[in-house]
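Chain and residue survey
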Amino acid sequence: MIDYLIIGSGIAGLSFAETALQHNKSIFVIDNNNNSASKVSAGLYNPVILKRFTPVWRAESQLELLKSFFSNLEARFDQQFMFEKPILRRFLSVEEQNNWFVASDKPSLKQYMSTVLRYEKFFGISSPFDFGEVKESGYVDVAFFVQCYRNFLKDRDLLSVEDFEHSLLVVKDDSINYKNLEARNIVFAEGFGMHRNPFFSSLPLIGSKGELLVIKAPDLDLNVIVNTSIFILPLGQQLFKVGSTYNFIDKSDQPSEDGKDELIKQLKSVLSCDFEVVSHIAGVRPTVKDRRPLVGTHQEYRNIHVLNGLGTRGVMNGPSMALALFNHIEIKEPLLPEIDIKRFEKI
């Protein structure tokens with residue numbers, strides 16, 4: 001009997017898998033390799049909500065765990081997944097500059113928002129009102145991380161690439177059975193696929209489709225991440241990742257011409273140099289109306305658990321939410337009310 005059967009190998013599922021292994025628990029992962037959200041994630045981590053200049057929920061603790069989590073994996077795999085880079089907010093007006101300075105004086109934001117304007121000009125980017133710098137930010141190469149970790153699991157016969165058939169799950173008092181597997185617990189980390197899960201389909205997972213472009217811009221001189229109406233992330237070799245769109249109606253993971261046109265239009269309002277689109281990708285983020293993850297244990301079955309709803313900040317809150325669920329299962333540590341799925345239980 002294994003300790004954990006994990007369904008899903010995106011950021012959520014792999015964060016839990018790694019957390020369990022670090023605590024000497026046995027695991028097995030099932031996934032159909034269809035996790036569109038993690039495949040197309042930009043992987044940005046940023047402690048500031050730049051639309052409103054407010055702190056990200058539990059930013060300090062999440063950043064601390066994120067950095068240790070990926071640093072340990074980088075050492076083990078001898079690969080780089082995490083790239084620390086400042087995010088520069090491209091100001092659109094003097095008023096926005098002033099709002100930045102007001103926010104940067106708040107105790108919760110002082111350590112993340114520089115009080116010194118960045119005046120430098122990056123060839124190819126129009127910036128008449130300069131930039132504000134976000135510190136302790138960067139990105140994780142999510143697609144590469146997922147690929148490396150899945151290979152690690154495959155090499156140890158800990159991963160099966162298949163569709164999970166919920167109807168074949170047999171639940172007992174102290175274990176679950178699935179085909180020839182027996183486990184003490186099962187953790188569902190299926191992303192937007194959760195709406196097909198009979199145990200958790202009633203949870204309010206909305207989903208928002210996001211589309212990204214990779215462009216080639218030989219004349220764009222940029223070595224930082226720029227945030228404006230879109231983000232522009234340098235990848236090296238004259239390539240840049242650009243995103244992202246938000247569509248709450250279309251829940252397919254197929255790129256759309258509308259999404260591409262929207263991103264190109266916004267790009268042209270920011271860039272003053274030529275570019276060409278190299279690739280166009282899309283995926284559905286597992287988002288929740290109250291913008292908090294879905295973490296917890298099934299109301300009826302005490303060995304069935306969920307880790308989902310990481311939304312647009314999966315890289316930041318994946319490791320911390322995985323640890324919270326693990327401690328909840330293993331040592332009965334209470335979950336924060338903001339993330340516990342009990343907040344949606346019908347009384």
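Keep in mind the model is a prediction, meaning the values are calculated, not measured.

**Topic: the pattern of salt bridges**
Considering all chains together, one arrives at 13 salt bridges under this definition. One salt bridge in this structure joins Glu-96 and Arg-89, with 2.7 Å as the shortest N-O distance. A single network of salt bridges, built from pairs that share partners, joins Arg-118, Glu-120 and Glu-133.

**Concerning the packing of helix α1 (residues 11-22) against helix α5 (residues 142-155)**
Look at α1 against α5: their axes get within 11 Å of each other, and the N-to-C directions meet at 50 degrees. Viewed along their axes, α1 and α5 adopt a mutual orientation that is oblique. Between α1 and α5 the crossing geometry is left-handed. On α5, the residues that touch Ile-11, Leu-14, Ala-17, Glu-18 and Leu-21 of α1 are Val-142, Phe-145, Val-146, Tyr-149, Phe-152 and Leu-153. Its residues assigned to classes, the contact of α1 with α5 shows ten nonpolar, no polar and one charged.

**What about the packing of helix α3 (residues 59-77) against helix α7 (residues 314-331)?**
It is at 8 Å that the axes of α3 and α7 come closest, and there the two elements cross at 90 degrees. In terms of axis orientation, α3 runs roughly perpendicular to α7. From α3, Ala-59, Gln-62, Leu-63, Leu-65, Leu-66, Phe-69 and Phe-70 reach across to α7, where they touch Val-315, Met-316, Asn-317, Pro-319, Ser-320 and Leu-323. In terms of residue class, the contact of α3 with α7 is made up of ten nonpolar, three polar and no charged.

**Describing α3**
End to end, α3 covers 27 Å across 19 residues, agreeing with the expected 27 Å (1.5 Å per residue, within 8%). Residues Ala-59, Gln-62, Leu-63, Leu-66, Phe-69, Phe-70, Leu-73, Glu-74 and Phe-77 constitute the buried set of α3. Buried residues in α3, looked at end-on, bunch into an arc of 140 degrees, giving them a common side. Structural note: α3 exposes Glu-60, Glu-64 and Ala-75 on the side pointing more than 90 degrees away from its buried face. Looking at the buried side of α3, the elements it contacts are α1, β3 (44-45), β6 (82-84), β9 (138-140), α5 and α7. Within two residues after α3, Asp-78 carries a phi angle of roughly 55 degrees, on the positive side.

Definitions and limits used
- Residues numbered from 1 in each chain as written.
- Predicted model: local features only at pLDDT ≥ 70, side-chain atom pairs only at ≥ 80, totals over all residues.
- Heavy atoms only, no water.
- Salt bridge = Lys/Arg side-chain N within 4 Å of Asp/Glu carboxyl O.
- Axes fitted to C-alpha atoms, helices over the stretch in contact; angles between N-to-C directions.
- Helix = DSSP H or I, 4+ residues; strand = E, 2+ residues; numbered from the N terminus.
- Parallel < 35°, antiparallel > 145°, perpendicular 65-115°, else oblique.
- Left-handed = near helix turned anticlockwise from the far one by under 90°.
- Contact = heavy atoms within 4.5 Å.
- Nonpolar A, V, L, I, M, F, W, Y, C, P; charged D, E, K, R; others polar.
- Expected span 1.5 Å × (residues − 1).
- Buried < 20%, exposed > 50% of the residue type's maximum accessible area, 1.4 Å probe, protein only.
- Arc of directions from axis to C-beta.

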